[in-house]
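So the chains spell out like this:
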Amino acid sequence: MAAPWLSLRLVAPMWNGTRGIHRLGGAVVPEGNQKKERTMLQFLTDHFYDVEALRGYLLQREMSKVHLKNRFRDKEWIRPDKYGHFSPEFWNFREVPVEAVDASDCEINYEGLDNLLLLKELQSLSLQRCPHVDDWCLSRLYPLADSLQELSLAGCPRVSERGLACLYHLQNLRRLDISDLPAVSNPGLTQILVEEMLPNCQVVGVNWAEGLKLGPEEQPQDPASPVPA
Amino acid sequence: MIRRVLLHGLGRGLLTRRPGTRRGGFSLDWDGKVSEIKKKIKSILPGTPRDLLPDTSHLPPEHSDVVIVGGGVLGLSVAYWLKKLENRQGGMRVLVVERDHTYSQASTGLSVGGICQQFSLPENIQLSLFSASFLRNINEYLAVTNAPPLDLQFNPSGYLLLASEKDAAAMESNVKVQKQEGAKVCLMSPDQLRNKFPWINTEGVALASYGMENEGWFDPWCLLHGLRQKLASMGVFFCQGEVTRFVTSSQCMLTTNDEMVTLKSIHEVHVKMDHSLEYQPVECAIVINAAGAWSAQIAALAGIGKGPPGTLQGTKLPVEPRKRYVYVWHCPQGPGLETPLVADTSGAYFRREGLGSNYLGGRSPTEEEEPDPANLEVDHDFFQEKVWPHLALRVPAFETLKVQTAWAGYYDYNTFDQNGVVGPHPLVVNMYFATGFSGHGLQQAPGVGRAVAEMILEGSFQTIDLSPFLFNRFYLGEKTQENNIM
């Protein structure tokens, strides 16, 4: 369907210009020329599944861009605008403890962790796909042991099972994501060892069956379910 | 006519430089040209001529500013920092002479590979902290174009030192010093220890110190290989040979107290090739003794220790080889992934090796039990009688274990105070030491290398002051004792 695609392209730039994503989230926005775009968007969304899927995809992409986002109690995430700058009202929240930090895809390194380690009430930390986070960085996380409950290291190219051994200090950890770590030599075995090391923690990552090979006589075929009478 | 032209061309070549001595310096295929010339001569001249232009690529250069005796991690570290800190690029010619290119007996490769900051001396702590940051940033320090990045396989699991009642006070004061220097170490009571590591039996343990950051173990071969690769790219010369002689010149001088003192200076080093009587005299300005367990022999060649005992001339370098065993065992119910390197009150130590429930460890023997360092044969009875009982007491899971393999290596043991010797000799003015670290040479190599390079280039220690490690202390009798030796 060529025509809808053309119209989709037209729609997308207008979105970014007017912070349409926030509008999609349901926040209050000023009236005016948004009304016209909203009705056109609604119209398109109602009539084409592709538009809805595209809108959902663009929303997800905006949310996981290369910016540092924070969340504080009972409020939304604080996000930077399209230039990567935070709004000046951010300064008013200096005293509020930071509960969660999303540093996915961020170029944070060993020295940069200095800033995160000062957050004594941090409960959730996401370091997904950070290119410079390695085993040395993981050995620095122990000051967060009292508060940290959720940690995600999915997709970090430099983290290996040797760094995961340092997570032993984080005894309050309840959810740990170690999926897609290319530097881990034996993902299945590592998952088991990490689960043994942190018994109160739900370790998400590798299915233990990944390291197993299929036997020669087993066929990957489900038996046919009986036809309901 | 052709003969005259050839000989004339050869004559010029002979006068300027000896072909084959400088390897890899030219892109004009010098070796190829040389072999072509040799072929031409053979075809022209009657009979079999004696070997014109013999192949000398295995010999070291005739002149070198610095000759480093010993190609282990300490020698290579000194070479690296000399080239890195020199003021003019290519200003200093450094030659590393290593007797055994397979490193079969070198302490570096046989080492357990641990790094920790839990020492009693501030200088040792600072050296170790610097080495940790060196290893962390190793791919910036030792980057070579088009070479893959180094993976040290560093396990940041930390060291856990256990102290009995009588050592507890010393441990507490040590930890205070370590914290002051910036090491991240914490003290634990037996209850906390049981909570943290339930597989430990805390009987007899009064206090424990646990390193949280910058401590662990890594692969020493990777560091060695990385250093060699980087040095080759920096233009350092390597030679496989043995130093058999120093040619020195002496000067008699009067001190301010009107005493006669003979100052020696080494101006030539004879490097003998393997399995041959061939040797090459290398003119040099500075010699660095980084020969590890064999440093005393090198020092004796320079005349250190030849004199009446009790005088400065008669003070020998008190470094001797001591054999230490390392055993690898398998224990399926042993401690898990979080296991640090545990050093027991009895001196026995162990650490996890890999993911397959394997552990390695050992114990330093007492003075009476010292094995004969003539060879590197392993005494398995030592494990059964002197190591296993202590391990099984401390970690009950180790009562059932199976030894897989074992090896032995040398400590370059400083019999005086078990700490390194760094810096120049007072009488042999151009011999610098970087040896005698008694089991913690690998973890201090980057810092020591930098200190020796600073001493040579600037005349004094710039970053970490290693004056307590100078040679003079052996004559003056001032011990720089390190209490935490494994």
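Treat the numbers as computed from the prediction; the structure is a model and nothing was measured. Sequence order as written defines residue numbering, which begins from 1 separately in each chain. Chain A is the first chain written and ligand 1 is the first ligand written, with later ones labelled in order. Only residues with pLDDT of at least 70 get local features here, since the model is predicted, and only at 80 or more are side-chain atom pairs given and counted; chain-wide, interface and lining totals rely on the full set of residues. Side-chain metrics in this entry use all non-hydrogen atoms of the structure; hydrogen atoms and water are not considered.

Colleague: Would you mind showing me how to read the overall build of chain B here?
Modeller: Scanning chain B from N- to C-terminus turns up twelve helices and 18 strands. With the C-alpha coordinates of chain B rotated into their principal frame, the extents come out at 95 × 60 × 40 Å. Note on exposure labels: buried denotes an accessible area under 20% of the residue type's maximum, exposed denotes more than 50%, and partly exposed covers the range between, all computed with a 1.4 Å probe on protein chains only. Each of the 486 residues in chain B was classed as buried or not, and the buried ones make up 51%. Considering only contacts in chain B between residues 6 or more positions apart, those separated by 24 or more positions represent 74%. Residue burial considers only the protein chains on display, and all accessible areas are found by Shrake-Rupley using a 1.4 Å probe. Surface accessibility of chain B: about 22100 Å² in total, with carbon and sulfur atoms responsible for 52%. Under the convention used here, Asp and Glu are negative, Lys and Arg are positive, and both His and the chain ends fall outside the count. Where a charge sits is defined by one atom per residue type, namely NZ (Lys), CZ (Arg), CG (Asp) or CD (Glu). With 44 positive and 50 negative side-chain charges, chain B shows a spacing of 10 Å between the two charge centroids. Numbering of helices and strands runs from the N terminus; a helix is a DSSP stretch of H or I covering at least four residues, while a strand is a stretch of E covering at least two. Two residues form a contact once any of their heavy atoms are found within 4.5 Å.

Colleague: It is not clear to me how the pattern of salt bridges should be interpreted in this structure. Could you clarify?
Modeller: Between side chains of opposite charge, a pair can form when the charged atoms approach closely. Residues and elements named next belong to chain B. Salt bridge, as used here, is a side-chain nitrogen of Lys or Arg placed within 4 Å of a carboxyl oxygen of Asp or Glu. For the coordinates displayed, the defined rule picks out 17 salt bridges over all chains. The closest approach of N and O atoms between K83 and E86, which form a salt bridge, is 3.6 Å. The class of K83 is buried, set by a relative accessible area of 10%. D167 serves as the salt-bridge partner of K166, at 3.7 Å between the closest nitrogen and oxygen.

Colleague: Please clarify how the UniProt feature "domain: FAD dependent oxidoreductase" (unreviewed entry) in chain B should be interpreted in this entry.
Modeller: When the UniProt feature table is mapped onto this chain numbering, "domain: FAD dependent oxidoreductase" (unreviewed entry) sits at residues 65-455 of chain B. Secondary structure within residues 65-455 of chain B divides into 27% helix and 30% strand; the distance between the first and last C-alpha atoms comes to 15 Å. UniProt positions are given in the numbering used here, feature names are shortened, and annotations may be inferred rather than shown by experiment.

Colleague: Any chance you could explain the nonpolar core here in plain terms?
Modeller: As a rule of thumb, nonpolar side chains are buried together in soluble globular proteins. Here the nonpolar core consists of buried residues drawn from Ala, Val, Leu, Ile, Met, Phe, Trp, Tyr and Cys, with membership extended through side-chain atoms lying within 4.5 Å. Among the nonpolar cores identified, the biggest contains 125 residues, and L125(A), L151(A), L164(A), L167(A), L223(B), I288(B) and W329(B) are the most heavily contacted of them. Leaving out residues up to four positions away in the same chain, I288(B) has contacts with V66(B), V67(B), I68(B), V69(B), V78(B), L82(B), Y432(B), V452(B) and I456(B). Counting residues in each nonpolar core, the second largest holds 30 residues, with L95(B), C239(B), V282(B) and I298(B) among its members.

Colleague: What is the right way to look at the state of the cysteines in this model?
Modeller: Every disulfide links exactly two cysteines, by a covalent bond between their sulfur atoms. By convention in this document, the label disulfide applies to cysteine sulfur atom pairs within 2.5 Å. Applying the stated rule across the entire model yields zero disulfides over all chains. Of the cysteine sulfurs around C130(A), a residue in no disulfide, the closest is that of C156(A), at 5.2 Å. For C130(A), a relative accessible area of 0% gives the class buried. Not part of a disulfide, C222(B) finds its nearest cysteine sulfur in C137(A), a span of 18 Å.

Colleague: What is the right way to read the packing of aromatic side chains from this model?
Modeller: For any pair of aromatic rings, the description rests on two quantities: the centre-to-centre distance and the angle between the ring planes. Residues and elements named next belong to chain B. For this analysis, a ring pair means two rings from Phe, Tyr or Trp (six-membered ring only for Trp) whose centres lie within 6.5 Å, classed as stacked if their planes differ by under 30 degrees, edge-to-face if by over 60, and tilted for the remaining angles. On inspection of all chains with the given rule, the structure shows 25 aromatic pairs over all chains. Measuring from ring centre to ring centre gives 6.4 Å for F130 and F134, while their planes differ by 50 degrees; the resulting arrangement is tilted. In this pair, F130 and F134 are both assigned in helix α4 (residues 122-136), four residues apart and thus about one turn of the helix distant. Here the two residues F130 and F134 agree in accessibility, since each one is buried. In our convention, an over-ring charge means Lys NZ or Arg CZ found within 6 Å of a ring centre and within 35 degrees of that ring's normal. One residue, R228, lies across the ring of F238, its end atom 4.2 Å from the ring centre.

Colleague: Would you explain the pairing of strand β15 (residues 358-363) of chain B in this entry?
Modeller: The two faces of a sheet get side chains in turn, since along a regular strand they alternate between them. Residue and element names in this part refer to chain B. Within β15, five of the six residues are buried, which leaves it mostly tucked inside the rest of the structure. A strand pair is defined by DSSP finding two or more bridges across the two strands. Across four bridges, strand β12 (residues 319-330) lies against β15 in antiparallel orientation. The partner of W329 across the bridge, within β15, is Y359. Here strand β14 (residues 348-353) runs beside β15; their pairing, made up of six bridges, is antiparallel. The residue of β15 that forms the bridge with R351 is L360. Joining the antiparallel neighbours β14 and β15 is a turn of four residues, in which G354 adopts a positive phi near 75 degrees.

Colleague: Please clarify how the packing of helix α3 (residues 73-85) of chain B against helix α8 (residues 220-234) of chain B should be interpreted in this entry.
Modeller: Packed helix pairs are characterised by how far apart their axes lie and by the angle those axes make with each other. All names here are of chain B. Axes here refer to lines fitted to C-alpha atoms; in helices the fit is confined to the stretch in contact. Angles between the N-to-C directions go from 0 to 180 degrees. Across the interface, α3 lies against α8 with an axial gap of 10 Å and an inter-helix angle of 35 degrees. In this structure, the crossing between α3 and α8 has a hand that is left-handed. For the pair α3 and α8, the contacting residues are V73, L76, S77, A79, Y80, K83 and K84 in the first and L223, L224, L227, R228, K230, L231 and M234 in the second. Of the residues that constitute the contact of α3 with α8, the class distribution is nine nonpolar, one polar and four charged. Two helices that cross are described as forming a left-handed crossing if the nearer one is turned anticlockwise from the farther one by less than a right angle, and a right-handed crossing if clockwise. Each residue receives one of three labels: charged for Asp, Glu, Lys and Arg, nonpolar for Ala, Val, Leu, Ile, Met, Phe, Trp, Tyr, Cys and Pro, and polar for the others, Gly being one of them.

Colleague: Please clarify how the interface of chain B and chain A should be interpreted in this entry.
Modeller: Frequently, the measure chosen for interface size is the accessible area removed from exposure when the parts meet. Across the contact, 21 residues belong to chain B and 21 residues belong to chain A. A 1.4 Å probe defines the accessible area here, and the buried area is the portion of it lost by two parts on being joined, summed over both. For chain B, the biggest contributors to the area lost against chain A are R136(B), L337(B) and L355(B); these three give 34% of the whole. Linking chain B with chain A are two salt bridges, by the criterion used here. For R140(A), the salt bridge goes to E213(B), with nearest N and O atoms at 3.8 Å. Counting of polar contacts relies on pairs of N or O atoms within 3.5 Å, with two restrictions inside protein: one atom must be capable of donating a hydrogen and the other of accepting it, and residues adjacent in sequence are counted only when both atoms are side-chain atoms. Where chain B meets chain A, there are six residue pairs in polar contact (both at pLDDT 80 or more). Examining the composition of the side of chain B that touches chain A, we find that three residues originate from one element, α4(B), more than from any other. Residue composition of the side of chain B that touches chain A, by class: ten nonpolar, four polar and seven charged.

Colleague: Explain the side chain of Q191(A) to me, please; I cannot follow it from the model alone.
Modeller: All names here are of chain A. Topologically, Q191 is positioned in helix α8 (residues 187-197). Among the residues examined, Q191 registers a relative accessible area of 5% and is labelled buried. Once you skip the residues sitting within four places of it in the chain, Q191 turns out to touch I178, V203, V204, G205 and V206.

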